[in-house]
Amino acid sequence: MELVTKLKFGGQRYSVRLKDGLKQRGKSLLGLCVYEKNEILLNPDQGLDSLKSTLLHEALHAGANALDWDAHEATIIKMEKVVYALIRENPNLVRWLLAKEKPASTGETK
């Protein structure tokens, strides 16, 4: 499967691309969200699961920025882990969230 190259949310569009040797302030990075350019950069030197998690992490930064929320890095890391696990462990939830029609009743009542 090819890398997602565009993301859209909050009325903004972000491009996504791989970039070797990604650094900020001399520190190697797995990913970086460049708000001024609406761009997410990903270091290709990581495994597939890490690359997916990194893209989600940077997308959360972009989303927080779109909401004018100065989310701390520790908060983004926690959100990344929770949302990534939720998506990976519950593919039926993802399919349901993406469905265009209301689901049929399961017959269960609460």
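Attention here is on the structure that accompanies the text. (Residues numbered from 1 in each chain as written. Predicted model: local features only at pLDDT ≥ 70, side-chain atom pairs only at ≥ 80, totals over all residues. Heavy atoms only, no water.)

### Section: a nonpolar patch on the surface
Nonpolar side chains collect at one region of the surface, where L86, L93, W96, L97 and L98 lie side by side and expose about 530 Å² of accessible area between them. In terms of residue count, the dominant contributor to the nonpolar patch is helix α3 (residues 91-98) (four residues). With respect to the helices and strands, the residue W96 is situated in helix α3. (Patch = residues over 30% accessible without salt bridge, like charges linked within 9 Å, V, L, I, M, F, W, Y side chains within 5 Å. Areas by Shrake-Rupley, 256 points an atom, 1.4 Å probe, with all protein chains shown as cover. Salt bridge = Lys/Arg side-chain N within 4 Å of Asp/Glu carboxyl O. Helix = DSSP H or I, 4+ residues; strand = E, 2+ residues; numbered from the N terminus.)

### What about unusual backbone geometry?
Phi is positive for R25, close to 55°, though the residue is something other than glycine. Relative to the assigned elements, R25 resides in the loop between β3 (23-24) and β4 (27-28). Judged by relative accessible area, which is 79%, R25 ranks as exposed. Positive phi outside glycine occurs at D68, with the angle close to 60°. Examined against the element boundaries, D68 turns out to sit in the loop between α1 (48-66) and α2 (73-89). A relative accessible area of 73% places D68 in the exposed class. (Buried < 20%, exposed > 50% of the residue type's maximum accessible area, 1.4 Å probe, protein only.)

### Examining the sheet that holds strand β5 (residues 31-34)
Read across the open sheet, the four strands follow the order β1-β2-β6-β5; overall the sheet is mixed. Every other strand in the sheet has two partners, leaving β1 (6-9) and β5 as the edge strands with one partner each. Each strand of the sheet is rotated relative to its neighbour by a mean of 20°, with strand direction disregarded. Examined bridge by bridge, strand β2 (residues 12-18) and strand β6 (residues 39-42) share four bridges and lie parallel to one another. Its bridge partner lying in β6, S15 is registered against E39. (Pairing = 2+ DSSP bridges. Axes fitted to C-alpha atoms, helices over the stretch in contact; angles between N-to-C directions.)

The values reported here are purely geometric and, on their own, carry no functional implication.
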